[in-house]
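Close look at the chain arrangement
Residue-level listing of the chains:
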Amino acid sequence: MVTSDTVRWYNVGKFGEAGYAVPAWGNDISTLNPNVSELTDLIGQNLFALLHQEDADMQTPPSVNTLRAVHNLYVRAGQILTARAVPPGQTEFRTTHVAPAATVFKVYPIPFFKMRNPHLKRWASLGLMLLSEMFQHTENRKTMEITTTFAADVGKYLTRIYYNMATELFAKPAADVAKPGFILTDADFTAYNPSFFTRVELVDTVPPFDMVFTEDQLSTLRQGIPVTMLPQLPTWPGLLIPGDFSGPSGSAVGGSGTGPVFPAAAVGV
């Protein structure tokens, strides 16, 4: 049984050697809430796709393809959370007689511990923690709704990733990014040019190819693995350093006023 919230080492065959990881689920293996199930799959599948792209293997700044993918996930997750989250004063939808069966959580193992790109590794660390939060969230007991509390808990991780991308890779002023509704525009992506990085950050050696897996080799992982089918997974040997999560601790995002605006996180969270 997984007994801590540390990211788990998916030490299975060659994937273990390649440093694959999955989020911790504690003793929470399933959910009664279809909204949580859908969101864990959405974020897990997108992380899987994103981190199997070539940018993850290179230490140089990510391509605009990767940054657009992060942007699209941020916007899509924000759409779902803001549309479905029920505020405290609103009546929740409840069933009358039916009691849904629990859905077992799935994980989508990603190449994490040996990832060479520092930006993607930082965001992946936050993504894995976000998945753990959702696996263990109180609202897994709810059968039909998620609340603004859940949306705030999820949104603060997505906001942190987006804040980091906008300030460090697009050189947007922190004060602008911290305004409610900030969103990067098509013009920002078209103008993307990380030439302000140091020469060391812009030059890399060719990474090894021995752990680049084919689509067929990844097919089982891409489908997702129910946590009940996993062996007992160890932690990665040595100290796992999550990286620099600098940025605002609140959950509001800002700028042009067209991006998702998540509920404020609870005090102390």
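The structure contained in this document is the topic of the report that follows. Remember, predicted model here, so these are calculated numbers, not experimental data.

**Some remarks on the packing of aromatic side chains**
- Applying the stated criterion across every chain yields a total of 12 aromatic pairs.
- Counting every residue linked through ring pairs, the aromatic cluster contains Trp9, Phe112, Phe113 and Trp236.

**Quick notes on the environment of Ser125**
- Along the polypeptide, Ser125 turns up in helix α4 (residues 118-135).
- In the structure, Ser125 is positioned 36 residues away from Ile161 in sequence and 9.9 Å away in space, judged by C-alpha atoms.

**Focus on α4**
- With 18 residues, α4 should cover 26 Å at 1.5 Å per step; its first-to-last C-alpha distance of 26 Å lies within 8% of that length.
- Its side-chain oxygen at 3.0 Å from the backbone nitrogen of His119, Asn117 defines the N-terminal cap of α4.

**A short note on the packing of α4 against helix α5 (residues 148-168)**
- Across the interface, α4 lies against α5 with an axial gap of 10 Å and an inter-helix angle of 175°. Considered as vectors, α4 and α5 are oriented roughly antiparallel to each other. Every residue of α5 that contacts α4 at His119, Arg122, Trp123, Leu126, Gly127, Met129, Leu130, Glu133 and Met134 is listed here: Phe150, Val154, Tyr157, Leu158, Arg160, Ile161, Asn164, Met165 and Glu168.
- When the residues that make up the contact of α4 with α5 are grouped by side-chain class, the tally is 11 nonpolar, 3 polar and 4 charged.

**Quick look at the side chain of Arg122**
- Structurally, Arg122 can be placed in helix α4.
- We classify Arg122 as buried; its relative accessible area is 13%.
- A distance of 3.1 Å separates the side chain of Arg122 from the side chain of Asn164, its partner in a polar contact.

**So, the nonpolar core**
- Counting 70 residues, the largest nonpolar core has Tyr10, Leu81, Phe112, Met134 and Met165 as its most contacted members.
- Those elements that provide at least two residues to this core are β2 (20-22), α2 (34-51), α3 (64-84), α4 and α5.
- With 10 residues, α5 is the largest single contributor of residues to this core.
- With near-sequence residues (within four places) excluded, Leu81 lies in contact with Leu39, Ile146, Phe150, Ala151, Val154, Leu158 and Phe262.

Definitions and limits used
Residues numbered from 1 in each chain as written. Predicted model: local features only at pLDDT ≥ 70, side-chain atom pairs only at ≥ 80, totals over all residues. Heavy atoms only, no water. Phe/Tyr/Trp six-rings, centres within 6.5 Å; stacked < 30°, edge-to-face > 60°. Helix = DSSP H or I, 4+ residues; strand = E, 2+ residues; numbered from the N terminus. Expected span 1.5 Å × (residues − 1). Polar contact = N/O pair within 3.5 Å; in protein donor to acceptor, adjacent residues only side chain to side chain. Axes fitted to C-alpha atoms, helices over the stretch in contact; angles between N-to-C directions. Parallel < 35°, antiparallel > 145°, perpendicular 65-115°, else oblique. Contact = heavy atoms within 4.5 Å. Nonpolar A, V, L, I, M, F, W, Y, C, P; charged D, E, K, R; others polar. Buried < 20%, exposed > 50% of the residue type's maximum accessible area, 1.4 Å probe, protein only. Core = buried A, V, L, I, M, F, W, Y, C linked by side-chain atoms within 4.5 Å.

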